[in-house]
Amino acid sequence: MRSAAQTRSHLLPLRRLLTVSRPALWVNTIGTLITGVWLSGRLYTLDPATLLLLAYLTLPFNLLIYGLNDLSDREEDARSSRKGGWQGARLTLAEGGPLLRATLILNIPALLALALLLPPAATTLLLVSAALFVAYSLPPLRLKGRPFLDGLSNVAYALPLALPALTLGSPVPWWPLLALMSYSVGKHAFDAAQDIPADRAAGTRTVATTLGTRGSAAYALAWFVLAAALLLPVSQLTALALLLTCGGMAMGLLRRPTPAQAARLYPLSIVTPWIVGAVAGVQLVYLLARGQWTGL
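Reading the values: rules and limits
Residues numbered from 1 in each chain as written. Predicted model: local features only at pLDDT ≥ 70, side-chain atom pairs only at ≥ 80, totals over all residues. Heavy atoms only, no water. pLDDT = per-residue confidence, 0-100. Contact = heavy atoms within 4.5 Å. Salt bridge = Lys/Arg side-chain N within 4 Å of Asp/Glu carboxyl O. Helix = DSSP H or I, 4+ residues; strand = E, 2+ residues; numbered from the N terminus. Buried < 20%, exposed > 50% of the residue type's maximum accessible area, 1.4 Å probe, protein only. Phe/Tyr/Trp six-rings, centres within 6.5 Å; stacked < 30°, edge-to-face > 60°. Core = buried A, V, L, I, M, F, W, Y, C linked by side-chain atoms within 4.5 Å.

**A few points about the confidence of the model for the chain**
1) Next: Per-residue confidence for the chain gives a mean pLDDT of 91, with 91% of residues at or over 70.
2) Next: In the model, residues 1-8 has pLDDT below 50 throughout and makes 2 contacts with residues more than four positions away in sequence or in other chains.

What follows is the structure, encoded as structure tokens:
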């Protein structure tokens, strides 16, 4: 019989799992879902499937995103000065198995439960998002090591925006969805610029190692401009907020195109979803509260 100490050795503490899941970035999943609820014309909902989705997009889904990524990137992360804290865990070899088990235990039952509750279209979209994150980190595809496909696969971050519409029977918010997809591709290229030295040392080819720092900044800027343009039919103020924040940080990197400058600007990249989301959210809540939001 396995002892209690042996059982604990096969699990990671909750605090460690939280560190791996990067709670500072949960806004990219739960914030996107909540915005999708608002875009459906509701300030809130007691729909069980939507509430379970909200719970799933906290620790379990973020563990799927970042836990698998950290498992696959141990070599690069060992060389990265920004890993080992809130920006991402630096895993030991002994943590690999327990982390993989925890990721599977938290995700597979939840996905099965959601498949029973969600309409088929919503289930399919959720599984596509999860599959893209798995394909980004793990072989045989490992899209992180495939320049341009690495960033394009990050549209997975945007897909939860459409889940409330597909769950609640509302129209899909196509303009915000396409804008968020474009933003996600640009943000990936911008964030990857700071990791160019570590990725090149590890032999990992990314969009950033391919384009270099200046090229990555210009590439990210182009996607941010497209994202802002796609938001114009919905909210000119939100489009302006995205252009000023994301476009501004991309321009800052263009003026001084070095990985060190990308690292200095990275905290701004972290808060851009909060800034742009706050502008969009305040507008949406105001219109919903006044009964003036008619959907898309």
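**Focus: the pattern of salt bridges**
1) Next: Tallied over the entire structure, the rule returns 3 salt bridges.
2) Next: Here Arg 22 ties to Asp 70 by a salt bridge, and the two come within 2.8 Å at their closest N and O atoms. With Arg 22 in the loop between α2 (14-21) and α3 (30-39) and Asp 70 in helix α5 (residues 59-72), the pair connects residues that are 48 residues apart, well separated along the chain.
3) Next: Accessibility expressed as a relative area gives 6% for Arg 22, which makes it buried.
4) Next: A salt bridge links Lys 187 to Asp 191; the shortest N-O distance between them is 2.7 Å.

**Comments concerning the packing of aromatic side chains**
1) Next: With the rule as written, the count across this model stands at 6 aromatic pairs.
2) Next: Ring geometry for Phe 61 versus Phe 133: centroids 5.6 Å apart, planes at 80°, classification edge-to-face. Here Phe 133 lies in helix α8 (residues 120-137) and Phe 61 lies in helix α5, a separation of 72 residues in the sequence.
3) Next: Of the residues examined, Phe 61 reaches a relative accessible area of 1% and is grouped as buried.

**Structural notes on the nonpolar core**
1) Next: Formed by 44 residues in total, the largest nonpolar core has its most connected members in Leu 53, Tyr 56, Phe 61, Leu 99, Leu 118, Leu 126 and Leu 163.
2) Next: Among the elements of the structure, α2, α3, α4 (48-56), α5, α7 (96-117), α8 and α15 (259-289) are those that each provide at least two residues to this core.
3) Next: With 7 residues, α5 is the single largest residue contributor to this core.
4) Next: Discounting residues that sit within four places of it in the chain, Leu 118 has contacts with Ala 49, Leu 53, Thr 123, Leu 126 and Thr 167.
5) Next: The next biggest cluster of nonpolar side chains, apart from the first, holds 26 residues, and it includes Val 155, Phe 190, Phe 224 and Leu 253.

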